[in-house]
Amino acid sequence: MPDTPSTPSNVAREALLDTSISPEDVARKIVTACREAVEAAQSTHASHSYEVDTDGLEGFLWSIWDRVVATAEQDLSSHDRLVAILIAVRATGAIGCEGWQVWGKPFRWVDLPILGASIAESEHCGLCSTDETGTAILSSDESRGVPFLVGDPPTESAESQGWARARSRWLNLNTFTARLWLSAIMDRSQWALLCQAKWLELYALPPDSRLAAGSSLPPELGMETAAIWLRLAGRLMYTCREIFGPRGNPEWDEDRRGLPGRTAGRWDGVDGYHPDRWLHWRGILQDIANGHEYRPTMAEAAKTALEAMDEVERQHRTL
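Attention here is on the structure that accompanies the text. Because the structure is a prediction, the values reported are computed rather than measured. (Residues numbered from 1 in each chain as written. Predicted model: local features only at pLDDT ≥ 70, side-chain atom pairs only at ≥ 80, totals over all residues. Heavy atoms only, no water.)

## Points about the overall build of the protein
Okay, step 1: A count of helices and strands for the protein gives 13 helices and 2 strands.
Okay, step 2: Here the protein has a C-alpha radius of gyration of 21 Å; the compact-globule value for 319 residues is 20 Å, and the two agree.
Okay, step 3: In terms of overall dimensions, the protein has C-alpha extents of about 65 × 50 × 40 Å along its principal axes.
Okay, step 4: Long-range contacts, defined as pairs at least 24 residues apart, comprise 68% of the intrachain contacts of the protein with a sequence gap of at least 6.
Okay, step 5: When the accessible surface of the protein is totalled, it reaches about 15,900 Å², and 51% of it is carbon and sulfur.
Okay, step 6: Mean positive and mean negative side-chain charge positions of the protein (31 and 46 charges, respectively) differ by 5 Å. (Helix = DSSP H or I, 4+ residues; strand = E, 2+ residues; numbered from the N terminus. Rg over C-alpha atoms; globule rule 2.2 N^0.38 Å. Contact = heavy atoms within 4.5 Å. Areas by Shrake-Rupley, 256 points an atom, 1.4 Å probe, with all protein chains shown as cover. Lys, Arg positive; Asp, Glu negative; His and termini not counted. Charge placed at Lys NZ, Arg CZ, Asp CG, Glu CD.)

This is the structure:
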């Protein structure tokens, strides 16, 4: 089997996966490889996204950020290192990339351009059963995957193991991106609210209404996802007052930005963060934590989220 070509993108991706290299050195390798990719593209005019964009830049960024996201999905233990690498990359500023542009805007490493788009693709592409290499396992009936997506142990079948793998990847992705917000790498306040509005708040409705709401995830997995955000980023959510919809922000452009803050449940306040909405989430979580009709994974997720919320409130009482 031939060796992988030693392109700048491949060099950067290999450094990212090499745990013997410090995060700071990986960051330097990424920045250097990006400059080499741009120089190579400019010498051949091989790629050109927009008229004003820097040749080779967008393709390199997609390549490295997609690898970051895939690694975070596959390996929960990689998150600390990935966060440290991203912090180190951001610290390089605009050195060596003066005058570069991507998507029509000046390029700066501190902004981590296109990383958000790479994350969004994973968030919105849907879940599917895959093998260990990430290749999709085709299914004639995707509803068979639901038990494994919501926490049932997989059987010996490759398909069930693939669905369990999809569950793990999804939860890992949300754990990682919550860490990005907590580490001040990227503002994830909109997605964090969406998870509560679309998935946790469903559980203010009776069971038959939850299914009728048409969530993009099995309701049980959606609830666990929302709980991750409260557990990890609760201190940011507690003080956030952003509004993501016309209720509370009459200037909101619904056609362009959708309604990420609009409830799928019974919340009748603003389309955003509010102290009363925090209490609404607490009440739903308490019902799940104390209810015998819920899956153990859901009850545990609710309890850990409530513990985190308790700690956030204690810290603010002592300020």
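## Things to note about the packing of aromatic side chains
Okay, step 1: Throughout the structure, instances matching the rule amount to 12 aromatic pairs.
Okay, step 2: The interplanar angle of 70 degrees and the centroid separation of 6.3 Å between the aromatic rings of W170 and W191 together place this pair among those described as edge-to-face. Placement of W170 in helix 7 (residues 158-182) and of W191 in helix 8 (residues 189-200) is noted, with a sequence separation of 21 residues between them. Just as W170 is buried, W191 falls in that class too. (Phe/Tyr/Trp six-rings, centres within 6.5 Å; stacked < 30°, edge-to-face > 60°. Buried < 20%, exposed > 50% of the residue type's maximum accessible area, 1.4 Å probe, protein only.)

## Observations concerning the packing of helix 5 (residues 115-124) against helix 7
Okay, step 1: For the pair helix 5 and helix 7, interaxial distance at closest approach is 11 Å and the crossing angle is 150 degrees. Crossing of helix 5 against helix 7: the hand is left-handed. Along the contact surface, helix 5 presents I119, S122 and E123, while helix 7 presents W170, L173, T177 and L180.
Okay, step 2: Here the residues of the contact of helix 5 with helix 7 are counted per class, giving 4 nonpolar, 2 polar and 1 charged. (Axes fitted to C-alpha atoms, helices over the stretch in contact; angles between N-to-C directions. Left-handed = near helix turned anticlockwise from the far one by under 90°. Nonpolar A, V, L, I, M, F, W, Y, C, P; charged D, E, K, R; others polar.)

## Some details on helix 1 (residues 8-17)
Okay, step 1: The complete set of buried residues in helix 1 reads S9, N10, A12, R13, A15 and L16.
Okay, step 2: Buried residues along helix 1 sit in contact with helix 2 (23-44), helix 3 (57-74) and helix 4 (79-90).

## Looking at the packing of helix 10 (residues 219-239) against helix 12 (residues 275-290)
Each pair of packed helices can be summarised by the angle the axes make with each other and by the distance between the axes.
Okay, step 1: Direction vectors running N to C along helix 10 and helix 12 enclose 140 degrees, while the axes themselves pass 12 Å from each other. By the angle class used here, helix 10 and helix 12 are oblique. In this structure, helix 10 crosses over helix 12, and the sense of that crossing is left-handed. Each of M223, L230, G234, M237 and Y238 in helix 10 lies in contact with helix 12, whose residues at this interface are W278, W281, L285 and I288.
Okay, step 2: A class-by-class count of the residues in the contact of helix 10 with helix 12 yields 8 nonpolar, 1 polar and no charged. (Parallel < 35°, antiparallel > 145°, perpendicular 65-115°, else oblique.)

## Focus on the pattern of salt bridges
Okay, step 1: Tallied over the full model, the rule gives 13 salt bridges.
Okay, step 2: Salt-bridge contacts for R179 lead to D80; the nearest nitrogen and oxygen are separated by 2.8 Å. Remark: D80 occurs in helix 4 and R179 occurs in helix 7; sequence separation between them is 99 residues.
Okay, step 3: Residue classification places R179 among the partly exposed residues on the basis of a relative accessible area of 22%.
Okay, step 4: Between R295 and D152 there is a salt bridge, and its shortest N-O distance comes to 2.5 Å. With R295 in the loop between helix 12 and helix 13 (296-317) and D152 in the loop between helix 6 (146-149) and helix 7, this pair connects stretches of sequence that are 143 residues apart.
Okay, step 5: Owing to a relative accessible area of 24%, R295 belongs among the partly exposed residues under this scheme.
Okay, step 6: Given the relative accessible area of 30%, D152 is considered partly exposed.
Okay, step 7: Sharing partners across several salt bridges, the network here consists of R282, D310 and E313. (Salt bridge = Lys/Arg side-chain N within 4 Å of Asp/Glu carboxyl O.)

In short, the description is geometric, and any link to function would need to be established separately.
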